[in-house]
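For reference, the chains in residue letters:
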Amino acid sequence: MIPIEELLRFVREDAPWGDVTSEAVVPDVACRAVIRAKDSGTIAGLAEARALFEHFGVTVRQHSADGRGVAAGATLLELDGPARAILLLERTALNIIGRMSGIATRTRESVNAVRKVSPAVRIAATRKTAPGLRMLDKKAVVLGGGDPHRYCLSDMVLIKDNHLALVPLPEAIRRAKEQSLYRTVEVEVETAEDAIAAAVAGADIILLDNMAPDAVREAVRMLNERGLRERVALEVSGGVAGDDLAGYAATGVDVISMGALTHTVRNFDVSLDILKGAGTFRVP
């Protein structure tokens, strides 16, 4: 669960001096409202939306669970409570559910696509997330059946091309290994030869970056031929799209990481409607 203080930050951003429209127009009454799905897919963000509404005194009845599939038209949440609070939180809650569900849906689609080819291959995210939204984005990937990968630069060692422009590959791996035995060391390479060099130098994970499926397959073959494949986990990344997933899943790698899961998000459409005729009453 994302800490409530993180969620309240979004409310403060949207209403730094209050919701002037609702405060001016809407009397101090309670009402009933519903949040419904307008798309089909994997839902996410309900826990965060519920926490916000309950924090502001709204009673929430939840009709689905994060990580489940929903159909267009499904009721997700029923809300009873102060009308001004519901209106204050409306857009923030819908934004959270819409973005997280969009990520979870695409992740689930990607996981299903690779499992048809190789059930062992995992789909992972990257650090290509929107500013301030990383925890939500990563959680949405997990709800969609994916792996969050590292959350931040402090999680693990990932030696990339710009590191290797300053320090030779074997030396970079040696230094990383000497610093701590308890951190996983991953190194990014762009050729089969460098993949072999990384395995020999002791990398735990080798990221085959921007390599076409045929090139990845050749790297896997060469690692197998030299008895190095079982020493390392293999990840592919770099411009991987939905059309490429089956091809990469068939190469023999362990992980396919996709920045597109979080940097190019199609919002999942949800709506909040105040129920007319459900009755409104003055808040005690």
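See above for the structure.
All figures in this text were calculated on a predicted structure; none of them were measured in a lab. Numbering of residues starts from 1 in each chain and follows the order in which that chain's sequence is written. pLDDT decides what is reported in this predicted model: residues at 70 or higher carry local features, side-chain atom pairs at 80 or more are listed and counted, and totals for whole chains, interfaces and linings draw on all residues regardless. Side-chain measures were taken over the full set of non-hydrogen atoms in the model, leaving aside hydrogen atoms and water.

A.B. asks: Which parts of the structure should I look at to understand the overall build of the chain?
C.D. replies: In terms of regular secondary structure, the chain is built from 11 helices and 13 strands. Structurally, the chain occupies a C-alpha span of about 75 × 40 × 25 Å along its principal axes. Residue burial in the chain is summarised as follows: out of 284 residues, 48% are buried. Residues are treated as being in contact if the distance between any of their heavy atoms lies within 4.5 Å. Taking as baseline every contact in the chain between residues at least 6 positions apart, the subset at least 24 positions apart corresponds to 72%. Residue burial considers only the protein chains on display, and all accessible areas are found by Shrake-Rupley using a 1.4 Å probe. When the accessible surface of the chain is totalled, it reaches about 13900 Å², and 52% of it is carbon and sulfur. Here the chain contributes 35 positive and 38 negative side-chain charges, whose respective centroids are spaced 3 Å apart. Here a strand is any run of E in DSSP of at least two residues, a helix any run of H or I of at least four, and the numbering for each starts at the N terminus. Any residue under 20% of the maximum accessible area for its type is buried, any over 50% is exposed, and the rest in between are partly exposed; the area is computed with a 1.4 Å probe on protein chains only. A residue counts as positive if it is Lys or Arg and as negative if it is Asp or Glu; His and the chain ends are not included. To locate a charge, the coordinates of NZ of Lys, CZ of Arg, CG of Asp or CD of Glu are taken.

A.B. asks: Is there a simple way to explain the sheet that holds strand E6 (residues 122-124) in this structure?
C.D. replies: Strand pairing in a sheet relies on backbone hydrogen bonds, with the paired strands running either antiparallel or parallel. For two strands to be treated as a pair, DSSP must find at least two bridges joining them. Read from one edge to the other, the open sheet built from 6 strands follows the order E6-E11-E10-E9-E8-E7, with strand pairing classed as parallel. Looking at which strands have only one partner, the edges of the open sheet turn out to be E6 and strand E7 (157-159). For this sheet, the mean inter-axis angle between neighbouring strands, taken without regard to orientation, is 25°. Note: strand E8 (residues 185-189) against strand E9 (residues 205-209), 4 bridges, orientation parallel. Residue Val-189 lies in a different strand from E9, and its bridge partner there is Leu-208. Note on method: axes are straight lines fitted to C-alpha atoms, helices fitted across the in-contact stretch only, with angles between N-to-C directions ranging 0 to 180 degrees. Of the strands in this sheet, E7 and E8 are in contact with helix H7 (residues 169-179), which crosses E8 at around 165°.

A.B. asks: I would appreciate a short explanation of the pattern of salt bridges in the present structure.
C.D. replies: When the charged atoms of two side chains with opposite charge come close together, those side chains can pair. The term salt bridge refers to a pairing of a side-chain nitrogen on Lys or Arg with a carboxyl oxygen on Asp or Glu at a separation within 4 Å. Taken as a whole and assessed by the stated rule, the structure comprises 22 salt bridges. For the salt bridge of Arg-9 with Glu-6, the shortest nitrogen-to-oxygen distance reads 3.2 Å. Of this pair, Arg-9 and Glu-6 are both found in helix H1 (residues 4-14), 3 residues apart, which corresponds to roughly one turn of the helix. Across the pair Asp-80 and Arg-32 runs a salt bridge, and its minimum N-O distance is 2.7 Å. Placement of the pair is Asp-80 in strand E5 (residues 75-82) and Arg-32 in strand E1 (residues 29-37), with a sequence separation of 48 residues. Here Asp-80 falls in the buried class, since its relative accessible area comes to 18%. Each of Arg-32, Arg-61, Glu-78 and Asp-80 takes part in salt bridges that share partners, so that together they form one network.

A.B. asks: What is the right way to read helix H4 (residues 83-115) from this model?
C.D. replies: Because an α-helix completes one turn every 3.6 residues, residues spaced three or four positions apart along the sequence face the same direction. Take the residue count of a helix, subtract one, and multiply by 1.5 Å to get its expected span. The end-to-end C-alpha separation of H4 is 45 Å, in line with the 48 Å expected for 33 residues at 1.5 Å each. Working definition for bend: take the seven residues up to and ending at a residue and the seven starting at it, fit an axis to each, and measure the angle between the axes. At Glu-90, H4 shows its largest kink, close to 45°.

A.B. asks: Would you explain helix H8 (residues 192-201) in this entry?
C.D. replies: For H8, the complete set of buried residues consists of Ala-192, Ala-195, Ile-196, Ala-198 and Ala-199. Relative to the axis of H8, the buried residues are bounded by an arc of 160° and lie together on one face. Check the buried side of H8 and you find it contacts H7, E8, E9 and helix H9 (213-225). Just downstream of H8, Gly-202 is the residue with a positive phi angle, here 105°. Of all possible arcs, the one meant is that of the directions from the helix axis to the C-beta atoms.

A.B. asks: Sorry, what's going on with a negative patch on the surface here?
C.D. replies: By definition, no residue in a patch forms a salt bridge, and every one has over 30% relative accessible area; like charges are joined within 9 Å, nonpolar side chains (Val, Leu, Ile, Met, Phe, Trp, Tyr) within 5 Å. On the surface, Asp-161, Glu-190, Glu-193 and Asp-194 cluster together into a negatively charged patch. Tracing the sequence through the fold places Glu-193 in helix H8.

A.B. asks: Would you mind showing me how to read the pairing of E5 here?
C.D. replies: Side-chain positions along a regular strand alternate between the two faces of the sheet. Among the 8 residues of E5, 6 are classified as buried, and the element is accordingly described as predominantly covered. With 7 bridges connecting them, E1 and E5 associate as antiparallel partners. Its bridge partner lying in E5, Ala-33 is registered against Leu-79. Both strand E3 (residues 59-62) and E5 contribute to a ladder of 4 bridges, which runs antiparallel. Opposite Arg-61, over in E5, you have Glu-78 as the bridge partner.

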